[in-house]
Amino acid sequence: MKIVSVVGARPNFMKIAPLLKEWRQFPAIEHILVHSGQHYDDQLSTSFFRDLGLPDPGINLQVGSGSHAWQTAEIMKRLEPVLIETCPDLVTVVGDVNSTLAAALTAAKLNLKIVHVEAGLRSYDTSMPEEINRKLTDVLADFLFVTEQEGVENLRREGIDPARIFLVGNVMIDSLLSCRAAAARSTILCDLGLIGGDARVRPYGILTLHRPSNVDRLTTLKGILASVHAIAQDLPVFFPIHPRTRERIRSLGLENYFAASGATRRGLVVIQPLGYLDFLCLMDHARLALTDSGGIQEETTVLGVPCLTLRENTERPATISEGTNRLVGLDPDGILKAAQQVLRDERRPARLPKLWDGQASKRIVRILLEHVQPDLLLKSKGVSVTPVCSG
Ligand code: UD1
């Protein structure tokens, strides 16, 4: 049995890592990891491979940055000969980035079986490139692995055959739970001057921003930065800045919202994008997270860190109904008031969404083997997990 997994951008890496670990338990399965090269620098890619113990990708398509159409098409052109040459039994794609859709389309045209991990999420906002990527990938996939019940309902409403849908939990949470102890050894809190003389962690917040809808328009970006700047007068806020956001802030001339450092214990402090373990550590101890990322909404739910999502919608409703997430939109006053409320309130205990227990990748591997190569499963030991819910 041969599997090709295609990854490309930062949020893909923590989703594929636990699956690779599971597949390694089956020496009879040949696994080929393909990196599209959508993300290529150390901060967005290589450091994640290091932190997550991912093997070097056997193949790197080195596509680099470009417009959505160019990037998607270029990945398809470069991946097609790889899939023809390797002829895998399964092609795995994760999440909702351009590399996900490009790989799914390429595999579908070659009549290869497609596995989509993190299927079914919907924001119902097609101005988000990720929403387009998710919907199209789900139409093409043969195995749809879903993180939360709402995702199953979405796929059913879209007429996807229920036999292809599996609610298995969240592979990104598998990574979080398995890396939390290593993250606790990160020196990031010391490096940022966040450990007081009494050895206690000083209170701080974190901010991440990269969605085109938030960072490409002057009024929106300025409003967000102004409100976080105001919040940061009481609570220092650390901002590991995405390269596209850094570029937008520079070109729009908005650097005046930044403090020189967090040493004064207030202000909005820009730092380099962090690796997986450093960011996990910083998030784990934060008093508040402000973000437009999908993954951080899920991670803060598991860590019990209050999260304010700077968007009008979310494709991850379980993080609100069961977790610590709140949608606050983009109105600067609304963001400020919501943050003040969080800082006044006691921390709300989070309930973990169903099956977010660190076992999702085990469930996925078991289901795939049952369907594609059941004899391997019979021979294997140690893949016993709690039951899987089929859609
Ligand atoms: C992509 C994903 C988004 C994901 C995000 C995580 C899509 C449509 N978007 O957005 O869903 O949440 O990754 O970061 O796939 N750049 C670098 N170094 C790199 C890669 C990119 O500096 O290694 C810069 C380039 O200027 C590039 C810009 O970042 O043009 C945007 O990169 P791109 O991959 O197009 O999208 P992201 O905004 O990172």
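Residues numbered from 1 in each chain as written. Predicted model: local features only at pLDDT ≥ 70, side-chain atom pairs only at ≥ 80, totals over all residues. Heavy atoms only, no water.

Enquirer: What should I look at first to understand the sheet that holds strand 14 (residues 325-327) in this one?
Expert: What holds strands together in a sheet is hydrogen bonding between their backbones, with the strands either parallel or antiparallel. The sheet built from seven strands is open, its strands ordered 10-11-9-8-12-13-14 with parallel pairing. Each having just a single partner strand, strand 10 (258-259) and strand 14 make up the two edges of the open sheet. Pairing between strand 12 (residues 288-291) and strand 13 (residues 307-309): three bridges, direction parallel. Note that in strand 13 the partner of Ala-289 across the bridge is Cys-307. Its contacts with the sheet place helix 13 (residues 294-303) against strand 8 (205-208), strand 12, strand 13 and strand 14, and it is angled at close to 160 degrees to strand 13. (Pairing = 2+ DSSP bridges. Helix = DSSP H or I, 4+ residues; strand = E, 2+ residues; numbered from the N terminus. Contact = heavy atoms within 4.5 Å. Axes fitted to C-alpha atoms, helices over the stretch in contact; angles between N-to-C directions.)

Enquirer: How should the site of the ligand be read in this particular structure?
Expert: Taken together, 18 residues form the shell around the ligand, and within it Gln-38, His-39, Tyr-40, Asn-98 and Glu-130 come nearest. Take Glu-130: an N or O atom from its side chain is 2.6 Å from an oxygen atom of the ligand. In this structure, an oxygen atom belonging to the ligand sits 2.8 Å away from a side-chain N or O atom of His-242. For the ligand, the protein covers 83% of the area, taking 740 Å² as the surface of the free molecule. (Near = heavy atom within 4 Å. Polar contact = N/O pair within 3.5 Å; in protein donor to acceptor, adjacent residues only side chain to side chain. Areas by Shrake-Rupley, 256 points an atom, 1.4 Å probe, with all protein chains shown as cover.)

Enquirer: In this structure, what is going on with the confidence of the model for the protein chain? I would like to understand it.
Expert: A residue-level look at the protein chain finds 96% of positions with pLDDT of 70 or above and a mean pLDDT of 94. Residue range residues 383-387 is modelled with pLDDT below 50. Its contacts to residues more than four positions away, or to other chains, number eleven contacts. (pLDDT = per-residue confidence, 0-100.)

Enquirer: Help me understand the layout of surface pockets, please; the structure alone is not making it clear to me.
Expert: The gaps of empty space that remain are located by a probe, the size of a water molecule, rolled over the atoms. By volume, the largest pocket amounts to about 1100 Å³. Considering the residues around the largest pocket, the lining is formed by 45 residues, among which Arg-10, Pro-11, His-39, His-210 and His-242 are closest to the centre. With five residues, the single largest contributor to the lining of the largest pocket is helix 1 (residues 10-23). Taken together, the residues that form the lining of the largest pocket break down as 19 nonpolar, 16 polar and ten charged. Inspection of the lining of the largest pocket shows a minimum of three residues originating in each of domain 1 (2-170 + 355-379) and domain 2 (181-344). Contributing to the lining of the second largest pocket are 17 residues, with Pro-18, Lys-21, Asp-174, Ser-175 and Ser-178 lying nearest its centre. When contributions to the lining of the second largest pocket are tallied by element, the ones reaching two or more residues are helix 1, helix 7 (171-184) and helix 16 (360-372). Each residue belonging to the lining of the second largest pocket can be placed in one class, and the counts come to five nonpolar, six polar and six charged. (1 Å grid on protein atoms, 1.4 Å probe; cavity = no way out; pocket = protein on both sides within 12 Å on 5 of 7 lines; lining within 4 Å. Points joined across faces, edges and corners; volume = space filled by probe spheres on them. Nonpolar A, V, L, I, M, F, W, Y, C, P; charged D, E, K, R; others polar. Domains from an automatic or database assignment.)

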